[in-house]
Amino acid sequence: MNIHEYQAKQLLRSYGAPVSDGRVVLRAEEAKTAAGALDGPLWVVKAQIHAGGRGKGSFKESDAGEKGGIRLAKSVEEAADEAKKMLGKTLVTHQTGPSGKQVGRIYIEEGSDIERELYLALLVDRVSSRISFVCSTEGGMDIEEVAASTPEKILSFPVDPATGYQPFHGRRIAFALGLSGQQVKQCVKLMGILYNAFVEKDMEMLEINPLIVTDKGDLKVLDAKLGFDSNALYRQADVAELRDETEEDPKELQASKYDLNYIALDGEIGCMVNGAGLAMATMDIIKLYGAEPANFLDVGGGATKEKVTEAFKIITSDKNVKGILVNIFGGIMRCDVIAEGVIAAVKEVGLEVPLVVRLEGTNVEQGKTLINESGLNVIAADSLSDGAQKIVKEVKG
Ligand code: GDP
Ligand code: MN
């Protein structure tokens with residue numbers, strides 16, 4: 001789960017990280033009061049969406065102005081004005097995709113004078129199985145670009161879980177970033193703060209781009225992106241409260257309410273599968289036969305008829321779906337339950353695209369009988385590759 005920049009900064013501030021003072025604005029009327037509560041002479045007005053690259057992004061609506069989603073203002077009035085222009089408009093960045101994201105919240109912050117822009121992240125490194133600091137002197141810009149063209153400028157410092165964070169980690173990072181004097185001390189302290197927050201709050205990712213050196217020579221967190229492990233949210237009630245459902249894919253949101261493992265993709269074949277491994281294999285084989293999956297969906301082992309019905313409804317609600325492949329290998333999951341769910345869903349929402357069903361395993365005969373007697377227009381398949389070939393043929397003609 002991701003949160004907004006202003007929420008991330010509030011959280012990091014509570015751990016003692018240096019961030020600017022700021023106010024969030026949800027409605028245009030609040031903009032002036034918010035900006036007025038902050039000290040000048042510089043204000044930064046920042047569109048809050050769960051995507052990066054806001055500064056270099058652009059708005060779809062012309063009345064939002066030509067500038068991107070991060071704007072500098074020299075007066076309270078100007079700051080309020082910029083906030084009003086961006087609220088409710090659609091911001092497109094290289095991370096949002098062409099459809100962009102609607103801006104429902106604006107963060108107004110006291111502006112900083114920047115001497116240097118650095119990059120810092122904390123993540124779970126799956127190769128070393130450790131939490132790792134990742135840093136670069138090339139902050140502020142596109143880190144993916146730095147990684148592609150000058151990978152030697154990105155350095156990684158894994159932390160041994162047996163010792164946890166130690167001051168030497170902070171010193172190494174400070175030297176790698178070219179810091180000196182008081183900045184080294186500040187860096188050692190800040191890295192400890194970030195590491196603690198990361199572990200205590202069950203984060204998956206923490207990215208500060210840029211971490212700046214101000215004109216006075218101090219370190220400051222200028223941008224912050226935090227991602228949390230969704231499986232740990234049950235013990236992070238305060239984090240769970242920060243969820244902004246308007247930022248999520250509506251289909252994924254609906255799926256999460258029914259405890260379905262669903263990820264929206266942009267292909268044309270909807271998949272309903274049980275088991276994450278089989279779901280991956282199904283996506284692979286669809287690609288092998290020349291089409292693209294519209295989603296990843298694992299209905300899980302103990303899915304009920306209701307859950308299967310909901311899953312089917314989510315798949316059919318996707319306008320890109322030109323055909324559906326149900327691929328069930330019933331071990332714990334029973335084939336007759338899947339069949340009942342599919343039949344119930346089709347009765348409720350109708351079936352406007354071809355449907356290929358491959359059932360195998362527990363209660364397979366009952367499952368097949370249910371589908372055959374349902375009167376549904378279903379194409380039966382005998383194996384994974386047979387099913388994939390049949391649905392690709394239906395969709396591609
Ligand atoms: P992003 O584009 O979504 O990554 O948003 P950021 O918060 O990282 O802001 C983008 C850029 O705007 C930064 O790299 C800075 O160059 C600039 N910026 C953001 N805040 C300030 C500020 O307080 N003062 C100044 N001078 N520039 C800022
Ligand atoms: Mn940034």
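Residues numbered from 1 in each chain as written. Chains lettered and ligands numbered in written order. Predicted model: local features only at pLDDT ≥ 70, side-chain atom pairs only at ≥ 80, totals over all residues. Heavy atoms only, no water.

The name given to the protein in an unreviewed UniProt entry is Succinate--CoA ligase [ADP-forming] subunit beta, with Roseivivax jejudonensis as the source organism. UniProt, in the comment section headed Sequence similarities (unreviewed entry), describes the protein in these words: "Belongs to the succinate/malate CoA ligase beta subunit family." UniProt, in the comment section headed Subunit (unreviewed entry), describes the protein in these words: "Heterotetramer of two alpha and two beta subunits." (UniProt positions renumbered as here; feature names shortened; annotations may be inferred.)

Student: Just checking my understanding: could you explain the sheet that holds strand β2 (residues 43-48) for this structure?
Tutor: Strand pairing within a sheet occurs via backbone hydrogen bonds; the two strands may be parallel or antiparallel. Taking strand neighbours across the sheet as the criterion, the four strands line up as β1-β7-β2-β4 in an open arrangement whose pairing is antiparallel. Strands with a single pairing partner mark the edges of an open sheet, and in this sheet they are β1 (22-25) and β4 (70-73). On average, each strand axis in the sheet is tilted by 20° relative to the strand beside it, whichever way the strands run. This element, helix α1 (residues 5-14), spans β1, β2 and β7 (105-110) of the sheet and lies at about 45° to β7. (Pairing = 2+ DSSP bridges. Helix = DSSP H or I, 4+ residues; strand = E, 2+ residues; numbered from the N terminus. Axes fitted to C-alpha atoms, helices over the stretch in contact; angles between N-to-C directions. Contact = heavy atoms within 4.5 Å.)

Student: Which parts of the structure should I look at to understand the coordination of the manganese ion (ligand 2)?
Tutor: When a metal holds four donors in a tetrahedron, each ideal angle between them is 109.5 degrees; when it holds six in an octahedron, the ideal angles are 90 or 180 degrees. Surrounding the manganese ion (ligand 2) are the protein donor atoms N209 (O) and D223 (OD), which sit 2.1 to 2.2 Å from the metal. Remark: D223 occurs in the loop between β12 (219-221) and β13 (225-228) and N209 occurs in strand β11 (residues 203-214); sequence separation between them is 14 residues. (Donors = N, O, S within 2.8 Å, 3.2 Å for Na, K, Ca; no water.)

Student: Looking at this structure, I do not really get the site of ligand 1. What am I missing?
Tutor: For ligand 1, the set of nearby residues contains 17 residues, the closest of which are K46, R54, G55, S112 and E117. Between E117 and ligand 1, the recorded distance is 2.8 Å, taken from a side-chain N or O atom to an oxygen atom. The separation between an oxygen atom of ligand 1 and a polar side-chain atom of D223 is 3.0 Å. Taking 570 Å² as the accessible area of ligand 1 by itself, protein coverage stands at 82%. Elements represented by at least two residues in the shell around ligand 1 include exactly β2, β4, β8 (114-125) and β11. When grouped by side-chain class, the residues that make up the shell around ligand 1 number six nonpolar, seven polar and four charged. (Near = heavy atom within 4 Å. Polar contact = N/O pair within 3.5 Å; in protein donor to acceptor, adjacent residues only side chain to side chain. Areas by Shrake-Rupley, 256 points an atom, 1.4 Å probe, with all protein chains shown as cover. Nonpolar A, V, L, I, M, F, W, Y, C, P; charged D, E, K, R; others polar.)

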